[in-house]
Amino acid sequence: MGRGKIEIKRIENSTNRQVTFSKRRNGIMKKAKEISVLCDAQVSLVIFSSLGKMFEYCSPSTTLSKILEKYQQNSGKKLWDAKHENLSAEIDRIKKENDNMQIELRHLKGEDLNSLNPKELIPIEETLQNGLTSVRNKQMDFLKMLKKNERMLEEENKRLTYLLHHQQLAMEGSMRELDIGYHQKDREYAAQMPMTFRVQPIQPNLQGNK
């Protein structure tokens, strides 16, 4: 006896609804992979759960963007407004500019020059020459700054040497003044001593010579 036909309607029980979603999601993902491999078809599948969680599958040979582009071309429906189209064009323009800059950079490095004719080599040579001139000017500025700093250090060294010399002279003068003052006080002290304490010069013994 076969199974009865299941009525397709929303499952009210949240647990049963989640279990059914998980089973059927895995089933449809499996079917999408099978048809992509078996039939060499380009398949893109996007599923959003009731909680907003996204699940997706896309054939390895394509991308979701390419699938949507094909859909837009074949269905005649516009998926993107003018704003998005302008943004896409701007992105393409920036990518192209970036590619051109990468090519120019390789040329400036001396790479891939065989494909260029003499006329195309002229602006590259001018660019390199201008760059070399800028580098040399920068080097000259750096050397000038070094020489300026060297002169400043020499002047500072001379100033410090001059100050040190004068400090030494001042210290020597102070020492001489201290020495002179010391001897002066010694003489004043000797002059104030009583006669009895003064050292008398030795007189010859006249009696012993008689």
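Only a predicted model underlies this, so the values are computations on that prediction, with no experimental measurement involved.

Chemist: I tried to follow the overall build of the protein on my own but got confused; where do I start?
Modeler: Scanning the protein from terminus to terminus reveals four helices and two strands. Starting at the N terminus and walking to the C terminus, you meet the elements of the protein as α-β-β-α-α-α. Here the protein holds 210 residues, and 9% of them are scored as buried. Look at the contacts in the protein between residues 6 or more apart in sequence, and 18% of them connect residues 24 or more apart. A total accessible area of about 19,600 Å² is found for the protein, and carbon and sulfur atoms account for 57% of it.

Chemist: Can you help me understand the side chain of Gln72 in this one?
Modeler: By the secondary structure assignment, Gln72 is in helix H2 (residues 64-75). Exposure remark for Gln72: the relative accessible area of 18% places this residue in the buried category. Other than its neighbours up to four places away in sequence, Gln72 contacts Lys77, Lys78, Leu79 and Trp80.

Chemist: Please explain the side chain of Ser36 as it appears in this structure.
Modeler: Note on placement: Ser36 falls in helix H1 (residues 14-38). Among the polar contacts listed, one links the side chain of Ser36 to the backbone oxygen of Ala41, at a separation of 3.3 Å. Excluding residues that lie within four positions of it along the chain, Ser36 makes contacts with Ala41, Val43, Tyr57, Ser59 and Pro60.

Chemist: Looking at this structure, I do not really get the environment of Thr127. What am I missing?
Modeler: Residue placement: Thr127 occurs in helix H4 (residues 118-191). Overall, the relative accessible area of 43% leaves Thr127 in the partly exposed class.

Chemist: Would you mind showing me how to read a nonpolar patch on the surface here?
Modeler: Together, Met140, Phe142, Leu143, Met145 and Leu146 make up an exposed nonpolar region whose accessible area comes to about 480 Å². Looking at the element boundaries, Met145 is found in helix H4. Using a relative accessible area of 41% as the deciding quantity, one classes Met145 as partly exposed.

Chemist: Help me understand the pattern of salt bridges, please; the structure alone is not making it clear to me.
Modeler: It is possible for side chains of opposite charge to pair when their charged atoms get near one another. For the coordinates displayed, the defined rule picks out four salt bridges. Among the ionic pairs, Arg10 bridges to Glu12, the shortest N-O distance being 3.2 Å. Across the pair, exposure class does not vary: Arg10 and Glu12 are exposed alike. Between Arg93 and Glu97 there is a salt bridge; the shortest N-O distance is 2.4 Å. One end of the pair is Arg93 and the other is Glu97, both in helix H3 (residues 82-108) and four residues apart, which spans about a single turn. Within the structure, one salt-bridge network assembled from shared partners comprises Glu90, Arg93 and Glu97.

Chemist: Is there a simple way to think about H2 in this case?
Modeler: A turn of α-helix holds 3.6 residues, and therefore any two residues three or four places apart point the same way. Taking 1.5 Å of rise per residue, 12 residues should cover 16 Å, and H2 covers 16 Å from first to last C-alpha, within 8% of that figure. Where H2 terminates, the next one or two residues include Gly76, which has phi positive at roughly 80°.

Chemist: Teacher, can you tell me more about unusual backbone geometry here?
Modeler: For residues that are not glycine, phi is negative in most cases, and the peptide bond is trans in most cases. Positive phi, normally seen in glycine, also occurs at Asp40, with a value near 55°. Asp40 sits in the exposed class, given a relative accessible area of 66%.

Chemist: Explain the nonpolar core to me, please; I cannot follow it from the model alone.
Modeler: Proteins that are soluble and globular tend to have nonpolar side chains buried together. Grouped together as the largest cluster of nonpolar side chains are seven residues: Met29, Ala32, Val43, Leu45, Ile47, Phe55 and Tyr57. Broken down by secondary-structure element, the contributors of at least two residues to this core are H1, strand S1 (44-48) and strand S2 (54-58). Residue contacts for Phe55: discarding those within four places in its chain leaves Phe21, Arg25, Met29, Leu45, Val46, Ile47 and Ser49.

Cut-offs applied
- Residues numbered from 1 in each chain as written.
- Predicted model: local features only at pLDDT ≥ 70, side-chain atom pairs only at ≥ 80, totals over all residues.
- Heavy atoms only, no water.
- Helix = DSSP H or I, 4+ residues; strand = E, 2+ residues; numbered from the N terminus.
- Buried < 20%, exposed > 50% of the residue type's maximum accessible area, 1.4 Å probe, protein only.
- Contact = heavy atoms within 4.5 Å.
- Areas by Shrake-Rupley, 256 points an atom, 1.4 Å probe, with all protein chains shown as cover.
- Polar contact = N/O pair within 3.5 Å; in protein donor to acceptor, adjacent residues only side chain to side chain.
- Patch = residues over 30% accessible without salt bridge, like charges linked within 9 Å, V, L, I, M, F, W, Y side chains within 5 Å.
- Salt bridge = Lys/Arg side-chain N within 4 Å of Asp/Glu carboxyl O.
- Expected span 1.5 Å × (residues − 1).
- Core = buried A, V, L, I, M, F, W, Y, C linked by side-chain atoms within 4.5 Å.

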